[in-house]
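Examining the three-dimensional arrangement
These are the residues of each chain, in order.
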Amino acid sequence: MYGQGGFAFCKKALPLDFNLFLPASNIDTVTDPSIFENKAAVYYTLGCKLNFAETSAIGKVLAEYGIRKARTGEKADICVVNTCSVTELADKKCRQAIRRIGKQHPDAFMVVTGCYAQLKPEELSHIEGVDLVLGTEQKQDILQYIDNFAKRETGGAVIASAAKDIRTFSPSCSANDRTRHFLKVQDGCDYYCSYCTIPFARGRSRNGTIVSLTEQAREAARKGGKEIVLTGVNIGDFGKSTGESFIDLLRSLDETEGISRFRISSIEPNLITDEIIDFVAHSQRFAPHFHIPLQSGSDTVLSLMRRRYDTALFCRKIEKIKSVMPHAFIGVDVIVGTRGETDELFEETYRFIESLPVSRLHVFSYSERPGTQALEIAHTVDTKTKHARSQELLDISERKLQTFYESRIGQEAVVLFEHTHKDNLMYGFTENYIRTEAPYNASWVNKPRQVRLGGWNKDKTALVLTL
Ligand code: SF4
């Protein structure tokens, strides 16, 4: 992912003394819950899984006060748009979504929150129809600011704190279907890579406690969840704010009855220790599936990016994983076209990645974000070259994915089938993230199923079963 959580942010957009608040009368704690009765909400999320988990948490807060989800076609009383600011394109999509939703629900109270809202709150507050812009620190307190759903005539109110004052860890766990839940274990980042402004949008690294997160996992299990994906911005940094450690979190979660598997979403290469790798290799519940941001296979570019590892360390981690879990799926993030990436340095990246026994690449094109240190690097890469480099890496990715899938044909695996189905076919994933296809069978949904993997399906997007 571009940045662990999929963000790049603008430093200059938010002056350090930035702190705008509504008049005190508007931010009193909720005194008359009856204003929420019979109200309907729509939610729209852009960006990463963390954002989706947080929208789900906002939805739960509103639901506790009786604000239900609007039915299809129904006009909502409140719209919540949770934004992303990873690239210029993401910003544009957010603005388009806000305008579109505003037109669909012209009388609804429109709240905009998320990373873009934290970085450029005033810009969003001037979009027609926006009534309230909430920063990162305030999004969980949304009820306090709804102000009787009164639409504003003169631009949205802004309630946001400076990044240095973002301290709260708001717990979130979302379910994209009944099978898989996304549990937020950590937020924020202290790393300050040169191209990324996450620390300015999400604040410093902080996390939930092991006890509370384990309880959230149990709750997901009670609701029928079978798989939990741990999410965060820099999850290997877990424990800083509570004096705990990531490995102890894994040990505690591993005891959760009812959950069949956990996945560690994305973890920095310098933070994935041998202890963590060995733990996953021997765990009953943690899946042999890793997602590790490489970003560049050139040590010169890694240094310009201010990443905290070099290619030798990255290579050692991959070798370690493969030595104890030869069947592990390893996804790798790469950014092409960063400032300073000359043709020769991209060539280094290409050769390095080709030599790695990884399973798939997630390729991102560098997008300039105002205020980042990377802008001080003189060498730039034009759009056409970025596109060509991206395509070259996607071709490697395709070959590696095919090789990985084909290496598993004939092997036994456990699949968790999802409830969505199409053309009488259902899909699920093995523990090592191989997509599998089978004729639809309702009794297989959300139940771990031992199978033997056959060959490719018709459109080569999944393996079929032989058992
Ligand atoms: S600062 Fe670096 S480690 Fe932190 S989120 Fe951004 S890219 Fe990831």
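Residues numbered from 1 in each chain as written. Predicted model: local features only at pLDDT ≥ 70, side-chain atom pairs only at ≥ 80, totals over all residues.

With that settled, the discussion passes to the overall build of the chain. Within the chain, the regular secondary structure consists of 12 helices and 20 strands. For 467 residues, the compact-globule estimate of 2.2 N^0.38 gives 23 Å, and the chain sits close to it at 23 Å. Projected onto its principal axes, the C-alpha positions of the chain cover 65 × 60 × 45 Å. In the chain, which comprises 467 residues, the share counted as buried stands at 48%. In the chain, the share of contacts with a sequence separation of at least 24, taken over all contacts with a separation of at least 6, comes to 77%. (Helix = DSSP H or I, 4+ residues; strand = E, 2+ residues; numbered from the N terminus. Rg over C-alpha atoms; globule rule 2.2 N^0.38 Å. Buried ≥ 20, exposed ≤ 12 C-beta atoms within 10 Å, placed from the backbone. Contact = placed C-beta atoms within 7 Å.)

Strand order in the open sheet made by the six strands is β2-β1-β3-β4-β5-β6, with parallel pairing throughout. The sheet is open, and its two borders are formed by β2 (68-69) and β6 (157-159), each paired with just one other strand. Looking at chain direction, strand β1 (residues 40-45) and strand β3 (residues 78-83) are connected through five bridges and run parallel. Paired with Y44 across the strands is V81, a residue of β3. Strands in contact with helix α1 (residues 49-64) are β1, β2, β3 and β4 (109-114); relative to β1, the strand with the most contacts, it is inclined by about 170 degrees. Contacting β1, β3, β4 and β5 (130-134), helix α2 (residues 88-104) runs over the sheet at an angle of about 170 degrees to β3. (Pairing = 2+ DSSP bridges. Axes fitted to C-alpha atoms, helices over the stretch in contact; angles between N-to-C directions.)

Glancing now at the nonpolar core. Counting 120 residues, the largest nonpolar core has I78 and C79 as the members making the most contacts within it. With six residues, the top contributor of residues to this core is strand β14 (residues 329-336). Setting aside anything within four residues of it in sequence, one finds I78 in contact with K39, A41, I67, A108, F109, V111, I146 and F149. (Core = buried A, V, L, I, M, F, W, Y, C linked by C-beta atoms within 7 Å.)

Turning to helix α11 (residues 343-355), a few remarks are in order. Between its first and last C-alpha atoms α11 spans 19 Å; for 13 residues at 1.5 Å apiece the expected length is 18 Å, and the two agree. Buried within α11 are the following residues: L345, F346, T349 and I353. Summarising the axial view, the buried residues of α11 lie within an arc of 100 degrees, below the 170-degree limit, and thus occupy one face. Across α11 from its buried face, at more than 90 degrees, point the exposed residues D343, E344, R351 and S355. For α11, the elements touching its buried residues are α9 (299-305), β14, β15 (360-365) and α12 (383-408). (Expected span 1.5 Å × (residues − 1). Arc of directions from axis to C-beta.)

For the rest of this paragraph, the subject is the domain arrangement of the chain. Structurally, the chain comprises domain 1 (24-161), domain 2 (173-408) and domain 3 (412-465). On a C-alpha basis, the centres of domain 2 and domain 3 stand 25 Å from each other. Contact with domain 2, which involves 16 residues of that partner, is made by 12 residues of domain 3. (Domains from an automatic or database assignment.)

All right, on to α1 then. If you check α1, its first and last C-alpha atoms are 23 Å apart, about what 16 residues at 1.5 Å a residue would give, namely 22 Å. Among all positions of α1, only K49, L50, N51, F52, A53, E54, T55, S56, I58 and L62 are buried. Buried-residue contacts for α1 involve β1, β3, β4, β7 (173-175), β8 (180-184) and β11 (227-231).

Our focus in this paragraph is the sheet that holds strand β17 (residues 425-430). Sheet architecture is closed into a barrel: five strands sit in the order β16-β17-β18-β20-β19, paired in mixed fashion. Along the sheet, successive strands turn relative to each other by an average axial angle of 50 degrees, direction set aside. Two elements, strand β19 (residues 449-456) and strand β20 (residues 463-465), share two bridges in a ladder whose sense is antiparallel. Looking at β20, one finds that W456 is bridged to L463.

Another aspect to go through is the pairing of β14. Most of β14 sits out of view: seven of its eight residues are buried. Note: strand β13 (residues 289-295) against β14, six bridges, orientation parallel. When the bridges of β14 are listed, H291 appears paired with G331. Pairing analysis gives six bridges linking β14 to β15, with the strands arranged parallel. Its bridge partner lying in β15, D333 is registered against H362. Between the parallel pair β14 and β15, the chain is carried across by α11, and the sense of this crossover is right-handed. (Right-handed = clockwise from strand over helix to strand, strands pointing away.)

Turning next to the pairing of β19. Pairing of strand β16 (residues 412-422) with β19, which is carried by four bridges, proceeds in the antiparallel orientation. Across the sheet, V415 pairs through a bridge with R449, a residue of β19. Here β19 folds back onto β20, and the loop between the two strands holds six residues, one of which, K460, carries a positive phi near 60 degrees.

This next bit is on the confidence of the model for the chain. Across the chain, the average pLDDT comes to 91, with 93% of residues at 70 or higher. Across residues 1-28, where pLDDT falls below 50, the model places 90 contacts with residues more than four positions away in sequence or in other chains. (pLDDT = per-residue confidence, 0-100.)

Now for the packing of α11 against α12. Across the interface, α11 lies against α12 with an axial gap of 10 Å and an inter-helix angle of 10 degrees. When the interaxial angle is binned, α11 and α12 end up roughly parallel. Touching F346, Y350, I353 and E354 of α11 are R389, E392, L393 and I396, all from α12. Per-class residue counts for the contact of α11 with α12 are five nonpolar, no polar and three charged. (Parallel < 35°, antiparallel > 145°, perpendicular 65-115°, else oblique. Nonpolar A, V, L, I, M, F, W, Y, C, P; charged D, E, K, R; others polar.)

To continue, consider the environment of A90. On the secondary structure map, A90 appears in helix α2. Residues A90 and Y116, 26 residues apart in the sequence, show an inter-C-alpha distance of 9.0 Å. Discounting chain neighbours no more than four positions away, the residues touching A90 are L46, G47, C84 and S85.

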